[in-house]
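Structural overview
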Amino acid sequence: MSGRDGLEALLAIGDRVAGMVAAGEQVEAVVLHSRDTEIRVYEGEIEQLSSAESQGVGIRVVRDHRQGFAYAGTFDDEVLVETVAEARDNASFGTPDEHLGLARPDGVAVVPLDLFRESLGSVATDAKVEMALELERAVRGADPRIAGIESCDYVDSLSQGAVVSSTGVRTASRETASYVMAWVLASEAGETQTGFGFSVGREPSELDVAAAAADAARRATRMLGSLKPSSGRLTVVLDPWVTAQFLGILGGTLSGEAVLKGRSMFADRVGDHVGSGLLTLVDDPTEAKAFSASATDGEGLASRRNPLIDAGLLRGFVHNSYTGRRMGTASTGSAVRAGFKGTPGVGCRALSLLPGTASQAELIAAIDQGVLVQSVSGLHSGVNPVSGDFSTGAEGIRIRGGALAEPVREFTIASTIQRMLLDVQAVGSDLEWLPMNAAGVTLVVDDVTISGA
Amino acid sequence: MLDEAVIQRVLGSALRSGGEFAEIFVEDKRSSSARLDDGKVEELSSGRDRGAGIRVVVGETTGFAHTADLTEAGLRAAAQAAGAAARGGRGGERTVQLARVVSPAPNGVTRQPGDVAKSAKVDLLMRANEAARSEGGAIKQVTVRCADSRRRILVANSDGLLAGDDQVKTLFAVSAVASGDTGMQTGYESVGHTVGWELFDRVDVEQHARRVARQALTKLEARPAPSGTMPVVIGSGGGGVLFHEACGHGLEADLVGKGASVFKGRRGELVASPLVTIVDDGTMAEEWGCYSIDDEGSPAQRNVLIEDGVLTDYMYDFLRSRKEGRARSGNGRRQSYQHLPMVRMTNTYLMAGADDPASIVAGTDRGVFVKALGGGQVNTATGDFVFGMTEAYLIENGEVTEPIREGNLIGNGPDVLTKIDAVGTDFAMGPPGTCGKDGQGVPVGDGVPTLRVTALTVGGTAA
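About the criteria used
Residues numbered from 1 in each chain as written. Chains lettered and ligands numbered in written order. Predicted model: local features only at pLDDT ≥ 70, side-chain atom pairs only at ≥ 80, totals over all residues. Heavy atoms only, no water. Helix = DSSP H or I, 4+ residues; strand = E, 2+ residues; numbered from the N terminus. Rg over C-alpha atoms; globule rule 2.2 N^0.38 Å. Buried < 20%, exposed > 50% of the residue type's maximum accessible area, 1.4 Å probe, protein only. Contact = heavy atoms within 4.5 Å. Areas by Shrake-Rupley, 256 points an atom, 1.4 Å probe, with all protein chains shown as cover. Lys, Arg positive; Asp, Glu negative; His and termini not counted. Charge placed at Lys NZ, Arg CZ, Asp CG, Glu CD. Pairing = 2+ DSSP bridges. Buried area = accessible area lost by both parts, 1.4 Å probe. Salt bridge = Lys/Arg side-chain N within 4 Å of Asp/Glu carboxyl O. Core = buried A, V, L, I, M, F, W, Y, C linked by side-chain atoms within 4.5 Å. Polar contact = N/O pair within 3.5 Å; in protein donor to acceptor, adjacent residues only side chain to side chain. Axes fitted to C-alpha atoms, helices over the stretch in contact; angles between N-to-C directions. Parallel < 35°, antiparallel > 145°, perpendicular 65-115°, else oblique. Left-handed = near helix turned anticlockwise from the far one by under 90°. Expected span 1.5 Å × (residues − 1). Phe/Tyr/Trp six-rings, centres within 6.5 Å; stacked < 30°, edge-to-face > 60°. Patch = residues over 30% accessible without salt bridge, like charges linked within 9 Å, V, L, I, M, F, W, Y side chains within 5 Å. pLDDT = per-residue confidence, 0-100.

A few words on the overall build of chain A. On a plain count of helices and strands, chain A comes out with 10 helices and 18 strands. Here chain A has a C-alpha radius of gyration of 24 Å; the compact-globule value for 453 residues is 22 Å, and the two agree. Its C-alpha atoms give chain A principal-axis dimensions of roughly 70 × 55 × 35 Å. When each of the 453 residues of chain A is scored for burial, the buried share is 62%. Long-range pairs, those at least 24 residues apart, make up 70% of the contacts in chain A with a sequence separation of at least 6. Of the roughly 16100 Å² of accessible surface on chain A, 51% is carried by carbon and sulfur atoms.

So this is what it looks like as structure tokens:
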């Protein structure tokens, strides 16, 4: 199943499911298919090689203002019939909610995005293996202190999806993605540190193995000799990769579902000054350079550019058809699904900050006492998006008198999401599209608590 | 689930283009969940995941393919793809003789969740919702979820192993949002076991829900957590994620083998305080990480990892145990038939000690008491790990006093293990967890008695 025929086949399955709608009902199917290749190499050999197809259908039924859901991993006709029946039965147990209902085409045109590279289908497996091996060689040769590789992978996928509903939605899209990634170990004087490097693109020819190797080696070796810093309050400079993770969390607080259900700190604050005037945040899944770009959302409606924060002022939230309807507005094309096994939630898919004009080096030069944070850990355990508490493990390089000084590790950075937005001192010019739902950029935040010795 | 003769032919086919070892893992999993949020039962959801994963090993190379097509033709196609991916070795016909292995099941199931009326599940959610909201007007939102699954697996390999398991899990979770002058706060508690619907004969859902609401209300009074290194007391049953991160992952033989663990080369050495004995036990009846066989067909085992402070052994999967010349330990697990197995934990815990729990706090002049832990993360190569505190208090002059806000604690595994100076008699398992590694999540349990670490860094904002 590939190419245009593939999309037609998925749409046909969606049509079949939507066609099973009974009187007084709405039925929707999300139909997904992907072909994935994963290669892991170790010490010049293939350690693991997987190549497989995955597929599935997720079916929503809305009946009498109640919603039910069921999914299956095959497209056999009898399985589709069974799954619709199961979703219909599940619907009978929901609490009636007058706002429940599937999305209807809303007249917003789908922006055509070129996310599929036909050529990926004809790249030989041997060539992919060679890329992974080349990355391993490049990393090992990048620095004499590189002592080992924890993992070195090449991964790609050709994926397609369709959403068809009895309310008139009928869209399909496809995309390709490939990346190489390495986690490496650097050792010196009995101490080991780690670092990662990656390169992502729509097909192998877009990957830069040398850059990925250099990044991994740099991140690992510059942590050698790192010590635990003392506790205090400092200005932090977030590396693009870290900023992207922070933006992803921020995006979650701007979801219409969080706002509707009283779980967002920004619920009544549209029009308020919620952050530094340097902060302009947009969610735009039609941005073709974003790796999480997609022409349509999880309900099959057109993706669109949604401005969220404008020079520190809160503009609005993102919605799917339910949250939009319930809040007296409309879907912003922001329904999100993690695969076919669940109903659509709401979320930001391609966030980015308006970049500034200074490079990371220039921003660091302006800081007397600070720390450049290279990576964070425990985002799921120390960050509470409802209360706003933000506390993560961190590692990076101390900044003293405008210059990078000693590497530091085994410390935490803490503040609150609310305070961090207000304490942004600068946004760098180094906007970078990363393989997550937010772009990265250097971000300087004042008055963050460092917990160490 | 599959005809033995078919399995034998598929394994033979997998080895046709070469290979020393082939395995077929078949999985049929039925899941269902129900969620109540904002006062409404939002949806019931159910689904089935069914398929087979086939791997072929040639030397140090593993080829893998999976399929949802369980006909003989579909399986043979996957077998050939896996065989081709492993590329090499000597080809030819191989006959595989299977012998079924039966391992004791950790427990029985009295009420299959699949047989429980959906209305009963909904009723549970509504009772919990009402109970949580009855704790007061400051409770602004309540979410209740129940979920269950029945996972049947069959493993067969070219060494002749044939084994199966039938794993039923039931889970219940409540979260609440409270709002007050200091903003919003949350409470959360989950309970889950490898049992059927009989879980609810022993869980009082209203009491559970009220506890969650009170946790959120308590946290409205929480002050900023301290910042810096100090003594930390972990309450019993609060969650053994501390050990899961401090040493659990570091004792997985695949990470050790790649030089990515600070515990490499330390078998037989004192790596922790002599008060510390850490066990990983897949046979623990009904716990979230238990099973009869792992996902490679090895029987679950109780493995003592650290005994009285001395590192006894690592955890292995099939390939690692073979490579290192060690016995199987029953730790080869995978998220689903679509994934390759690797070394994973099961139920990981610190064994009870001899100290009176009350004396542990009483003997701490100043520090933090963590009653409930959240998740965590570790860099096994450096040993640095974090874990979250979702309900914690200050300790002042030997007493638990003010609640403090959420945050991460950070430490270095080998260092923290030597700084445990008190271990209580009051062991208890914690809530069900999902351990993530290399993109795969598996269910795990953990447990601790009350214990004290003399120095851990608390990541708060109050100097």
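Moving on from the model shown.
Next up on the list: the overall build of chain B. A count of helical and extended segments in chain B gives 10 helices and 23 strands. Taken against the 2.2 N^0.38 rule, which gives 23 Å for 463 residues, the C-alpha radius of gyration of chain B at 24 Å falls within 12% of a compact globule. Expressed along its principal axes, the backbone C-alpha trace of chain B runs to roughly 75 × 55 × 35 Å. When burial is assessed residue by residue, chain B has 62% of its 463 residues classed as buried. A separation of at least 24 residues holds for 74% of the contacts in chain B among residues at least 6 apart in sequence. Here chain B has roughly 15800 Å² of accessible surface; of this, 48% comes from carbon and sulfur atoms. Charge-centre separation for chain B: the mean point of 50 positive side chains lies 6 Å from the mean point of 60 negative side chains.

In this section: the pairing of strand S10 (residues 302-307) of chain B. Looking along a regular strand, one sees side chains alternate from face to face of the sheet. Residues and elements named next belong to chain B. As defined by bridge partners, strand S9 (residues 278-281) adjoins S10 across 4 bridges and the pair is classed as antiparallel. Its bridge partner being in S10, Asp-280 is matched across the sheet by Asn-303. The sheet contact formed by S10 and strand S11 (residues 310-311) spans 2 bridges and is antiparallel. Bridge pairing in S11 links Ile-306 to Leu-311. In this structure, the hairpin formed by S10 and S11 is closed by a connection of 2 residues, where Asp-308 is found at a positive phi of approximately 50°.

Facing 73 residues of chain A, the contacting portion of chain B comprises 66 residues. In total, chain A and chain B occlude about 5500 Å² of area from one another, counting both sides; carbon and sulfur atoms represent 44% of this. Our count for the contact surface shared by chain A and chain B stands at 12 salt bridges. Note that B:Lys118 is salt-bridged to A:Asp89, the shortest N-O span being 2.6 Å.

What follows deals with the nonpolar core. Across soluble globular proteins, nonpolar side chains show a tendency to be buried alongside one another. With 53 residues, the main nonpolar core has A:Val236, A:Phe266, A:Leu281, A:Val373, A:Phe390 and A:Ile413 as its most contacted residues. For this core, the leading source of residues is helix H5 (residues 240-253) of chain A, giving 7 residues. Counting 45 residues, the second-largest nonpolar core is a separate cluster that includes B:Val241, B:Ala246, B:Leu409 and B:Leu417.

In this section: the environment of A:Arg349. All names here are of chain A. For Arg-349, the position within the fold is in the loop between strand S12 (345-346) and strand S13 (351-353). By relative accessible area, which is 11% here, Arg-349 ends up buried. Considering only alpha carbons, one finds Arg-349 and Gly-161, 188 residues apart in sequence, at a separation of 16 Å. Not counting the four nearest positions on each side in its chain, Arg-349 is found in contact with Asp-283, Pro-285, Ser-292, Ser-294, Thr-296, Asp-297, Ser-303, Gly-333, Ser-334, Ala-335, Val-336 and Asn-437. Within the structure, Arg-349 has its side chain in polar contact with the side chain of Ser-303 (distance 3.0 Å).

With respect to the secondary-structure elements, A:Asp389 resides in strand S15 (residues 389-400). According to the relative accessible area criterion, A:Asp389 is buried, its value standing at 4%. Separated by 3.0 Å, the side chains of A:Asp389 and A:Ser387 make a polar contact. If sequence neighbours within four positions are ignored, A:Asp389 has contacts with A:Gly382, A:Val383, A:Asn384, A:Ser415, A:Thr416, B:Gln185, B:Arg405 and B:Glu406.

Turning our eyes to something else, we now look at the sheet that holds strand S8 (residues 281-283) of chain A. The strands making up a sheet associate through hydrogen bonds between their backbones, and the pairing can be parallel or antiparallel. Residues and elements named next belong to chain A. Pairing is antiparallel in the open sheet, where 4 strands are placed in the order S10-S9-S8-S13. Where the open sheet ends on each side, the last strands, each with one partner, are strand S10 (313-314) and S13. Here 3 bridges tie S8 to S13, and the two strands are oriented antiparallel to one another. Bridge pairing in S13 links Leu-281 to Leu-353. Sheet strands touched by H5: S8, strand S9 (306-310) and S13. Its angle to S13, the strand with the most contacts, is close to 115°.

What follows is about the packing of helix H3 (residues 125-142) of chain A against helix H4 (residues 209-221) of chain A. Residue and element names in this part refer to chain A. Packing of H3 against H4 leaves a shortest axis separation of 8 Å and a crossing angle of 40°. Looking at the two axes, H3 sits oblique to H4. Where H3 crosses over H4, the handedness of that crossing is right-handed. Residue-level inspection shows Met-131, Glu-134, Leu-135, Ala-138, Val-139 and Ala-142 of H3 in contact with H4, the latter providing Val-209, Ala-212, Ala-213 and Ala-217.

Attention shifts here to the pairing of strand S3 (residues 61-67) of chain B. Burial within S3(B) is extensive, with 7 of its 7 residues counted as buried. Residues B:Thr61, B:Gly63, B:Ala65 and B:Thr67 of S3(B) are buried on one face, and the alternating residues B:Thr62, B:Phe64 and B:His66, pointing to the opposite face, are buried as well. Pairing between strand S2 (residues 45-63) of chain A and S3(B): 3 bridges, direction parallel. Bridging across to S3(B), A:Ser50 finds its partner in B:Phe64. As defined by bridge partners, strand S2 (residues 40-58) of chain B adjoins S3(B) across 7 bridges and the pair is classed as antiparallel. Residue B:Gly53 lies in a different strand from S3(B), and its bridge partner there is B:His66. Here S2(B) hands over to S3(B) after 2 residues, with B:Gly59 in that stretch at a positive phi of 60°.

What follows is about H5(A). Because an α-helix completes one turn every 3.6 residues, residues spaced three or four positions apart along the sequence face the same direction. Residue and element names in this part refer to chain A. In this model, H5 (14 residues) spans 20 Å end to end at C-alpha, consistent with the 20 Å of a helix rising 1.5 Å per residue. The element H5 is largely enclosed, with a buried count of 12 among its 14 residues. Looking at H5, one finds that the buried residues are Pro-240, Trp-241, Val-242, Thr-243, Ala-244, Gln-245, Phe-246, Leu-247, Ile-249, Leu-250, Gly-251 and Thr-253.

All names here are of chain A. This model, assessed by the stated rule, comprises 11 aromatic pairs over all chains. Between Phe-196 and Trp-241, the ring centres sit 4.9 Å apart and the planes meet at 55°, which makes this aromatic pair tilted. Of this pair, Phe-196 sits in strand S6 (residues 191-201) while Trp-241 sits in helix H5, placing them 45 residues apart in sequence. For the residue pair Phe-196 and Trp-241, the accessibility class agrees, reading buried in each case.

With that out of the way, let us pick up the pattern of salt bridges. Applying the stated criterion across every chain, the model contains 68 salt bridges over all chains. The residue B:Arg48 makes a salt bridge to B:Asp28 at a minimum N-O spacing of 2.6 Å. Remark: B:Asp28 occurs in strand S1 (residues 21-37) and B:Arg48 occurs in strand S2; sequence separation between them is 20 residues. Residues joined in a network through salt bridges with shared partners are A:Glu257, A:Lys261, A:Arg263, B:Arg35, B:Asp37 and B:Glu42.

Okay, a negative patch on the surface next. A cluster of acidic residues, A:Asp76, A:Glu78, A:Glu82 and B:Asp69, forms a negative patch at the surface. The topology assignment puts B:Asp69 in the loop between S3 and helix H2 (72-86).

Quick look at the confidence of the model for chain B now. On average, chain B scores 95 in pLDDT, and the residues at 70 or more come to 98%. The ipTM assigned to the predicted complex is 0.94, against a pTM of 0.96.

Now for the environment of A:Gly428. All names here are of chain A. For Gly-428, the location among the structural elements is in the loop between strand S17 (424-427) and strand S18 (443-451). In this structure, the C-alpha to C-alpha distance between Gly-428 and Gln-360, residues 68 residues apart in sequence, is 6.0 Å. Excluding residues that lie within four positions of it along the chain, Gly-428 makes contacts with Pro-355, Gly-356, Ala-358, Leu-363, Val-441 and Thr-442.

What follows is about unusual backbone geometry. All names here are of chain A. Located in the positive-phi region is Glu-43, a residue other than glycine, with phi close to 50°. Its location among the elements puts Glu-43 in the loop between strand S1 (25-42) and S2. The exposure class assigned to Glu-43 is exposed, which follows from its relative accessible area of 54%.

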